[in-house]
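# Coordinate analysis (summary)
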Amino acid sequence: MAEEKQDKFVMDFDVTERADRPPQEYYDDIKAKFAEERDLRLEYRPPGTENYRDLDGAMVDLARDPYADDWVERAPIDDVANGGEVEVLFIGGGFSALLTSARLREKGVESIRIVERGADVGGTWYWNRYPGVACDVVAYDYLPLLDEMNYVPTRHYAQGPEIFAHCQTIAEKYDLYDLAVFQTTVTSTVWDSEAQRWNITTDRGDTMRAKFVVCANGTLAKPRLARIDGMETYLGHSFHTSRWDYGFTGADLENLSDVRVGIIGTGASAVQIIPNLAKTAKSVHVFQRTPSSIDIRDDWETSAEWAAKQGDGWQARRRAKIVSKLREQAERRSQLRGGITRDEKIRRQENNNIDAMMRIHKRIDDTVEDPATAESLKPWYMLMCKRPCFHNEYLPAFNRPNVHLIDTHGQGVTEIGERGPIFDGVEYAVDLLIYATGFEVQQTGIYNRIVGDNDLDLNDKYDSGIRTMLGIHTAGFPNMFIMGGYQASFQFNLTDLLQVQGDHIANCIEHARAHDYDTIDVTSESEDWWVHEVIAHRGKTTRNQECTPGYYNFEGQENRRQDGNYNGGFPAYIDHIADIEADMDTHFVYTKD
Ligand code: NDP
């Protein structure tokens, strides 16, 4: 049955040797071209994230939430004055909060408050409602709590509305709406060491109190704009992909038939949007800096028979199978590597990666009719240097007469005039300009100042390098947990990671409750140990530096080895959590009245 096929996600660790390999010079030439293309981009760019800016200042209108029907007035919550508090407060209402709350409810925690910037739960899936929005991870794995919700997704790859609805039904089932506050941004989270509680302030004048705080603000939550001269002077309509203005485009983009559209950026969001614009807009100008890799998308509707066949606990079994497969793969890889040198291992991995990328090039040649456009759409970097994309309509969209690729050859759009983007002296007049320029990456406490014990600001603590255990606990910030942040394992299916983190956080809170502990904090020895684990597993190869700039490699900026994800593998991350939970007294310090 179709659903039983495992998704063939191309991994770049393959060390098998092909018998029919082209000569090594073929690969070396391609690698040289990769380096050339990377260097070109680095030359154009100011260092790292200075390429980007927030949706503020003259561009602040773009930050407006187009999905909220109303701005709901409410009196500020004043726990500090009223002696109120909640047991667990989540900063953010996306999957991190939802799946951890479900586990906490199972453990009898009643008092849970979600504080969320959007007007509902859902996080990513609240904000990203652009036409064509869908998840590239198989829905049976991506959507969490399917066993608990007794739900089988309707498609192999779920679309945005189904995922958003799933978030809402989780919040309903676990009564998370009762205490939740929406349209509210946490501005500070400060530890009161005397009361042993967190004081939380918000942009709505609240002063909330909580025993435990979970930073569940997501990994790609804050939209960003490319920094482009003259962008404030543009006179047409514009928005960011995560603030889609259906009032302007119409629900089915029906208002675009007379509209000239420009879109800046060709990452995963743009790849899903462009085919829909191509079908509806008068014209579409796609401003590309670096092409994405576009692989085949195998999608289908879930069949009723298959869904009926999945018995109780089917998702848990699926997850367990995936983890055991990852373990087998790691085992096989280390056996294969056994007989070869490190250089040979890297050579084979790179050659296999190049083969995969050349297959993607061939798909472009086979699909895109205009040879110059086809050439421009070819990514020249190792697969996985950038987020791979999967789509069957993106490349054919460039065969339509109304779709025009403006290839900026790594430079990007650097100027926008009153009528539209300017490149190479040409102003491209558009009525609607869409910024598909992505999000700020993995910052704990975006919008929010976090201050722990002894008035230590988290940003000051991290100034000399991120320090956590598991990416979840950071010493001096008792009763605080971080989800999806740096020093956690990297998982293409983010909800796999969030689920193991959520389970662990719920176990920590249960442990504190069972022993009547007022506080739980990681020991500095355990934090040290983890920082060294992270450092030991990062920087084993030079791949990151050799990649074309993007958010996977900090936009090509040098960074400390500890300021990234844990690269020891997901099974090892799970094992570390199990070991820690078996020996809580070694890893944590507690206080008790
Ligand atoms: P990205 O950060 O991936 O893409 C931003 C794009 O803007 C890049 O193509 C970048 O080019 C381009 N850009 C930046 N500045 C300029 C400029 N001055 N001129 C022209 N182009 C410019 O953001 P996305 O919103 O596309 O995706 C973010 C992440 O969200 C994805 O990587 C993925 O993890 C997730 N996502 C997942 C989806 C899915 O499951 N299908 C769908 C959508 C998003 P350059 O590459 O040169 O930096």
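Above this text sits the structure in question.
Attention here is on the structure that accompanies the text. Just so it is clear, the model here is predicted, and its values are computed rather than measured.

## Let's talk about the overall build of the protein
Helix and strand counts for the protein come out as 20 helices and 23 strands. Relative to a compact globule of 593 residues, whose C-alpha radius of gyration would be 25 Å, the protein shows 24 Å and is just as compact. When the backbone C-alpha atoms are referred to their principal axes, the protein occupies close to 75 × 65 × 55 Å. Relative to its 593 residues, the protein shows a buried fraction of 56%. A total of about 25200 Å² of accessible surface is found on the protein, and carbon and sulfur atoms cover 48% of it.

## Focus on the site of the ligand
Around the ligand, the structure places 28 residues, and the nearest of them are Ser269, Thr290, Lys386, Val413 and Tyr551. One of the backbone N or O atoms of alanine 268 is found 3.0 Å from an oxygen atom in the ligand. Within the backbone of valine 413, a nitrogen or oxygen atom sits 2.8 Å from a nitrogen atom of the ligand. Protein chains shield 89% of the accessible area of the ligand, which is 910 Å² for the free molecule. Per element, the largest residue contribution to the shell around the ligand is three residues, and it comes from helix 9 (residues 268-280). Considering only residue class, the shell around the ligand consists of 13 nonpolar, nine polar and six charged.

## Here's the deal with the state of the cysteines
Cysteine pairs can be covalently joined through their sulfur atoms, and such a bond is termed a disulfide. Counted under the stated rule, the structure contains one disulfide. The disulfide partner of cysteine 385 is cysteine 547, and the S-S distance across this bridge is 1.9 Å. With the S-S dihedral at roughly -75°, the linkage between cysteine 385 and cysteine 547 falls on the left-handed side. One end of the pair, cysteine 385, is in the loop between helix 13 (371-376) and strand 13 (389-390); the other, cysteine 547, is in the loop between helix 18 (543-546) and helix 19 (570-582), and 162 residues separate them in sequence. Cysteine 389 forms no disulfide, and the closest cysteine sulfur to it belongs to cysteine 135, at a distance of 12 Å.

## Side note on the packing of helix 3 (residues 95-106) against helix 16 (residues 494-514)
Closest axis-to-axis distance for the helix 3/helix 16 pair is 8 Å, and the angle between their directions is 40°. It follows that helix 3 is oblique to helix 16 by the angle criterion. The element helix 3 and its partner helix 16 pack so that their crossing is right-handed. When helix 3 is examined against helix 16, the residues Phe95, Ser96, Leu99, Thr100, Arg103 and Leu104 are found in contact with a partner set consisting of Thr495, Leu498, Gln499, Gly502, Asp503, Ile505, Ala506 and Ile509. Taken together, the residues that form the contact of helix 3 with helix 16 break down as seven nonpolar, five polar and two charged.

## So, the environment of aspartate 141
Mapped onto the elements of the fold, aspartate 141 is located in helix 5 (residues 139-142). In this structure aspartate 141 comes out as buried when scored by relative accessible area, which is 7%. Each C-alpha atom of the pair aspartate 141 and alanine 316 lies 9.4 Å from the other, and the pair is 175 residues apart in sequence. Leave out the neighbours within four places in its chain, and aspartate 141 touches Gln315, Arg318, Arg319, Ile322, Asn493, Thr495 and Asp496.

## A word on the side chain of asparagine 448
If you trace the backbone, asparagine 448 turns up in the loop between strand 19 (439-440) and strand 20 (449-451). With relative accessibility at 8%, the residue asparagine 448 sits in the buried group. Each residue touching asparagine 448, except ones within four places of it in the same chain, is listed here: Ile91, Val186, Thr187, Ser188 and Thr189.

## Brief notes about the pattern of salt bridges
Taken as a whole and judged by the stated rule, the model has 40 salt bridges. A salt bridge links arginine 467 to glutamate 527; the nearest nitrogen and oxygen atoms lie 3.1 Å apart. Taken together, the positions of arginine 467 in the loop between helix 15 (458-462) and strand 21 (480-482) and glutamate 527 in helix 17 (residues 524-537) put the pair 60 residues apart, joining distant regions of the chain. Judged by relative accessible area, which is 4%, glutamate 527 ranks as buried. By sharing partners, the salt bridges in this structure join Glu17, Arg18, Asp20, Arg21, Glu344, Arg347, Arg348 and Asp355 into a single network.

## Focus on the sheet that holds strand 18 (residues 432-435)
Sheet strands pair by backbone hydrogen bonding; their relative direction is either parallel or antiparallel. In spatial order, the strands read 9-18-10-11-14; together these five strands make up an open sheet with parallel pairing. Both edges of this open sheet fall to strand 9 (237-240) and strand 14 (403-407), since each of them pairs with a single strand only. For this sheet, the mean angle separating the axes of adjacent strands, direction not counted, is 20°. One ladder, built from five bridges, connects strand 11 (residues 283-288) with strand 14; its direction is parallel. Paired with glutamine 288 across the bridge in strand 14 is aspartate 407. Lying on the sheet, helix 9 is in contact with strand 10 (260-264), strand 11, strand 14 and strand 18; it crosses strand 10 at an angle near 170°.

## Observations regarding unusual backbone geometry
Keep in mind that most residues, glycine aside, have a negative phi and that most peptide bonds are trans. Residues other than glycine seldom take positive phi values, yet asparagine 454 does so here, at roughly 55°. Within the secondary structure layout, asparagine 454 lies in the loop between strand 20 and helix 15. Note on asparagine 454: relative accessible area 72%, which makes it exposed. With phi around 65°, leucine 470 is a residue other than glycine that occupies positive phi space. The topology assignment puts leucine 470 in the loop between helix 15 and strand 21. We classify leucine 470 as buried; its relative accessible area is 0%.

Calculation notes
- Residues numbered from 1 in each chain as written.
- Predicted model: local features only at pLDDT ≥ 70, side-chain atom pairs only at ≥ 80, totals over all residues.
- Heavy atoms only, no water.
- Helix = DSSP H or I, 4+ residues; strand = E, 2+ residues; numbered from the N terminus.
- Rg over C-alpha atoms; globule rule 2.2 N^0.38 Å.
- Buried < 20%, exposed > 50% of the residue type's maximum accessible area, 1.4 Å probe, protein only.
- Areas by Shrake-Rupley, 256 points an atom, 1.4 Å probe, with all protein chains shown as cover.
- Near = heavy atom within 4 Å.
- Polar contact = N/O pair within 3.5 Å; in protein donor to acceptor, adjacent residues only side chain to side chain.
- Nonpolar A, V, L, I, M, F, W, Y, C, P; charged D, E, K, R; others polar.
- Disulfide = S-S within 2.5 Å.
- Axes fitted to C-alpha atoms, helices over the stretch in contact; angles between N-to-C directions.
- Parallel < 35°, antiparallel > 145°, perpendicular 65-115°, else oblique.
- Left-handed = near helix turned anticlockwise from the far one by under 90°.
- Contact = heavy atoms within 4.5 Å.
- Salt bridge = Lys/Arg side-chain N within 4 Å of Asp/Glu carboxyl O.
- Pairing = 2+ DSSP bridges.

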